[in-house]
Amino acid sequence: MNELKYAVVCVDDDPYILQMLGFQLGKIINQKLTLLEYFTDPDKALEGIDELMAEQIDVIFVMVDYQMPKMTGSQLIRSLKLKYPTLNCVMLSGQANQVSVEELRSDNLLASFISKPWDEEALFAAISPIIQAHL
Amino acid sequence: MNNNNFHEIVNLLNNTTELIHRLEDDGTISWVNTAWKKTLGVSDKDCLGKRIQDYLSEETKLKFAEIFKRLKNGESIENLTCVFLTSKNQPIYLEGTVTPVMEEGIVVGSRAFFQNVTAQRKALGDLRQMTNLQDILMRIATHYINVPINDLNQIVHNSLGDIASFASADRAYIFRYDFKNKLCKNTYEWCDEGINTQIDELQSISLSDMPYWLSKHKLGECVEIEDVELLEGEGIKSRLKLEGIKSLITLPLMDEGNVLGFVGFDLIRNKRTFSNDEKNVLKLFAQMLVNVHNRLLNAMQIEKTKEELEQMNETLERKVSEKTKRNISLSKNIIEQEKMVTIGEISAGIAHDLNTPLSTIKVGADNIKSIIETLFTKQITLLSANELKRILERIQTSQIEMYVGGLQLRKEKAEMFQYLADNYQVESPELEKIADLLVKSRVNKEDSFFIQYILELKNRIQNLEVLYQLQMAYSQLATIKNSSDKAVKVVQDVRAFIKGETQQEKHTFNLKSNIATVLGIFNYELKKEVDLQFNVDESIELYGFEIKLFQVWSNLVKNALEAMEDQEQRYLGISAEKTNTTLTVVFENNGPQIPSDVLDNMFKKFYTTKGRKSGSGLGLSIVKNIADEHNAVLNVVSDSTRTKFIITFKV
């Protein structure tokens, strides 16, 4: 078994979205070295990312939905960036609060923003540079 | 003196107003003039030969001996006052001179010349009866002040009588000047017994018939006519004479320098003049009448204003009721519109709830397209019909998982790799690939039969690739189906919610799905940090207006969400309890305690605590309305930890 080196984390409260996303990401992410992990609960996502970081796994990016129970994607990104300032955060949302997204952008906390529904091409165009920069 | 001269003198004596008599030295009446007889109500036959004492009051009789003695001494007595009695025993006050009649130095009788001062005497007597002038006026004034406005006419009439008696007048009256029409009109009249009423004939006296009166009245001065006979240049003289008026006095009714009319007193039986004191009383009375007049005007004005107000009120009430009628029909629209407002307010959430499944559908369709392309450009063509059939069977019977987490996948892969290594003779690089595809296709160790089948195939990798791709396509199709259902449900909920209630009749429906429809449209809002506890038994049925009740639940949900806006933790509990007679639905939230003054008003129309921020102020009044339509009782209980809206339906 290959040594795990990287990880990509997707957080969305809708499992169908995770399913679709997972299928597409699976095409361009080498899962031999990279862990593709999904969370429907942002709290669980925070825990999971902490564990990955503790195991020295390089999290290439975290892709989060905006509207979720318990906390918004914006809040999740802010708590992640507070702990891991270099972590790439991508937002994938159909209903993001414009103001808080702009704030994230102006605070330089957002690597990319993809709106739902998305095209595979747009998704790849947004994340490819991030993946490339890591490998 | 010849006969002619004698007759002329007698004629003269008979035509004076003075009372004249001639007595013998023993007091026997030998001659009286016409005025004497008329005043005392006697004829020559009655009195001639009678003694004067028979016509004197008791009081004067006492003085008689003294007077007679002085006359016998040849003394004249001037300014003598005495009281005679008429045939009807009425006292007549006389003032005058009594002189002895001398014949050759001897007193043979006496003659007397008297003025009738009864009227003045009576007035003075009356005046004395009252303690003072103010007493009369105070009495009248008090009447005027305290009397109810409806009795004022009667009081004015009565006071005219009081004052007329005081002034010994036979008739008293009030005239109003009508300068516009150059007329004056008699408005009040009081007549003594036996005096004819004149008021009906005095309704339009031309002002040109009374220039002198008018000019005096305009100056605020009174007109006193001692003897109507002497009146000149006044057209009304003939009328006054016709009425038998001998003397009169009229006083202007002055209001701030303007003359409104006059009050007057006629003397018909006797002529008389008025003393200054009397005139002052009459002037004060006139002023009082003006005050009364003003009070009447005020009262009438008030009455008029009241009537106008009442009319206005009626008109207003009518308009309000018309408007209310319009409002009632309007309110149906308002209730309908309120639903649209609710939808508008949560439209962002609805859009999100639609966008999410639509995103899945769109991306899923893209994914399936790419899967099909992959399949046909690569593997699928390499598989036999039997192989494809087997794969399809496998997919149709396997459980579909949407995704598996990366760590889980790695663990399963490691296990599968070990399992394959332990049980099959497979080369290492291929083994890893097979393990990966088996796990991704959700084939586990227990499916040894299927694993055996795959491993025995010559093109096993291609078969596994097709299995995986088709498995993916199949699961994404299922997701598309589910997502379509979700989107359809959102649309259905919204459509159900906004459906017009026209012609909707009461019917029996399921309470849980009724509330769930509303929770569906609020899905997005509720997802935001709200701990929703929806505990309504699926078996509970409710008889009522299904669509109207959507608005009850939606307003209660909306209300709870708004109330909890500032809470750290938000809790919304929805529960229902059914007994034999009641069905109680409780919406409970952990918003702040509702102040009692808000509790008192919260179901009133247009009552809102949200200021301009939001809220038509209709939400809870609609809840109340619809609850009323169901004969349901609506209660609110609020303390520092929980606010409960409790609706109790009768079953």
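Our subject is the structure that appears above.
Quick notes on the rules
- Each chain has its residues counted from 1, running along the sequence as written.
- Starting at A for chains and at 1 for ligands, labels are handed out in the order in which the entities are written.
- Local features are withheld for residues below a pLDDT of 70 in this predicted model, meaning they are given only at 70 or higher, and side-chain atom pairs are given and counted only at 80 or more; totals for whole chains, interfaces and linings count all residues.
- Hydrogen atoms and water are omitted, and side-chain values are computed over all heavy atoms in the structure.
- For the purposes of this entry, the term helix denotes a DSSP run of H or I that reaches at least four residues, the term strand denotes a run of E that reaches at least two, and both are numbered from the N terminus.
- Partly exposed describes any residue whose relative accessible area lies between the buried limit of under 20% and the exposed limit of over 50%, with all areas from a 1.4 Å probe on protein chains only and scaled to the type maximum.
- Should any heavy atoms of two residues lie within 4.5 Å, those residues are counted as being in contact.
- Any two strands between which DSSP finds at least two bridges are classified as paired.
- Axis angles are defined between N-to-C directions and span 0 to 180 degrees, where every axis is a line fitted to C-alpha atoms and, for a helix, only to the segment in contact.
- Criterion for a salt bridge: a side-chain nitrogen of Lys or Arg within 4 Å of a carboxyl oxygen of Asp or Glu.
- Helix crossings get a hand from a simple test, with the near helix turned counterclockwise from the far one by less than a right angle marking a left-handed crossing and a clockwise turn marking a right-handed one.
- Note on residue classes: Ala, Val, Leu, Ile, Met, Phe, Trp, Tyr, Cys and Pro are nonpolar, Asp, Glu, Lys and Arg are charged, and everything else, Gly too, is polar.
- Residue types Ala, Val, Leu, Ile, Met, Phe, Trp, Tyr and Cys, when buried and joined through side-chain atoms within 4.5 Å, form a set referred to as a nonpolar core.

(A) Expanded view of the environment of Ile131 of chain A. All names here are of chain A. Along the polypeptide, Ile131 turns up in helix H5 (residues 120–134). With a relative accessible area of 8%, Ile131 lands in the buried category. Separated by 102 residues in the primary sequence, Ile131 and Ile29 have C-alpha atoms spaced 8.4 Å apart. Residues contacting Ile131, with those up to four places away along its chain left out, are Ile28, Ile29, Ile60 and Phe61.

(B) Inspection of the sheet that holds strand E3 (residues 77–85) of chain B at higher detail. Residue and element names in this part refer to chain B. What the 5 strands build is an open sheet, ordered E2-E1-E5-E4-E3; its pairing is antiparallel. Strands at the two margins of the open sheet, each flanked by one partner only, are strand E2 (29–32) and E3. Within this sheet the neighbouring strands show an average axis-to-axis angle of 30°, counted without direction. Bridging between E3 and strand E4 (residues 91–103) involves 7 bridges; their strand directions are antiparallel. Across the sheet, residue Phe84 finds its bridge partner in E4, namely Ile92.

(C) Local environment of the pattern of salt bridges. One pass over the structure, following the stated rule, counts 34 salt bridges over all chains. The closest approach of N and O atoms between Asp12 of chain A and Lys116 of chain A, which form a salt bridge, is 2.7 Å. With Asp12 of chain A in the loop between strand E1 (6–11) and helix H1 (15–28) and Lys116 of chain A in the loop between strand E5 (112–115) and H5, this residue pair connects regions lying 104 residues apart in the sequence. A relative accessible area of 3% means that Asp12 of chain A is categorised as buried. Residue Asp65 of chain A pairs with Lys116 of chain A through a salt bridge whose shortest N-O separation is 3.1 Å. Of this pair, Asp65 of chain A sits in the loop between strand E3 (58–64) and helix H3 (73–83) while Lys116 of chain A sits in the loop between E5 and H5, and the two are 51 residues apart along the sequence. According to the relative accessible area criterion, Lys116 of chain A is buried, its value standing at 6%. Connected through salt bridges with shared partners, the residues Arg171, Glu189, Glu243 and Asp266 of chain B form a single ionic network.

(D) Geometry of the packing of helix H19 (residues 546–563) of chain B against helix H21 (residues 619–629) of chain B. Residues and elements named next belong to chain B. Axis separation between H19 and H21 bottoms out at 9 Å; the angle between their running directions is 145°. Considering only the axes of H19 and H21, their crossing is left-handed. Counted together, Lys548, Leu549, Gln551, Val552, Asn555, Leu556 and Asn559 of H19 and Gly619, Leu620, Ile622, Val623, Ile626 and Glu629 of H21 form the full contact between these two elements. Each residue belonging to the contact of H19 with H21 can be placed in one class, and the counts come to 7 nonpolar, 4 polar and 2 charged.

(E) Seen up close, the nonpolar core. All names here are of chain B. In terms of nonpolar packing, the biggest core is built from 50 residues, with Leu511, Ile515, Trp553, Val585, Phe587 and Phe649 touching the most fellow members. Only helix H16 (460–498), helix H17 (511–521), H19, strand E15 (570–578), strand E16 (582–589), H21, strand E17 (633–638) and strand E18 (643–650) provide two or more residues apiece to this core. Per-element accounting of this core gives the leading share, 9 residues, to H19. Excluding residues that lie within four positions of it along the chain, Leu511 makes contacts with Val536, Ile540, Leu542, Trp553, Ala576, Leu583 and Val585.

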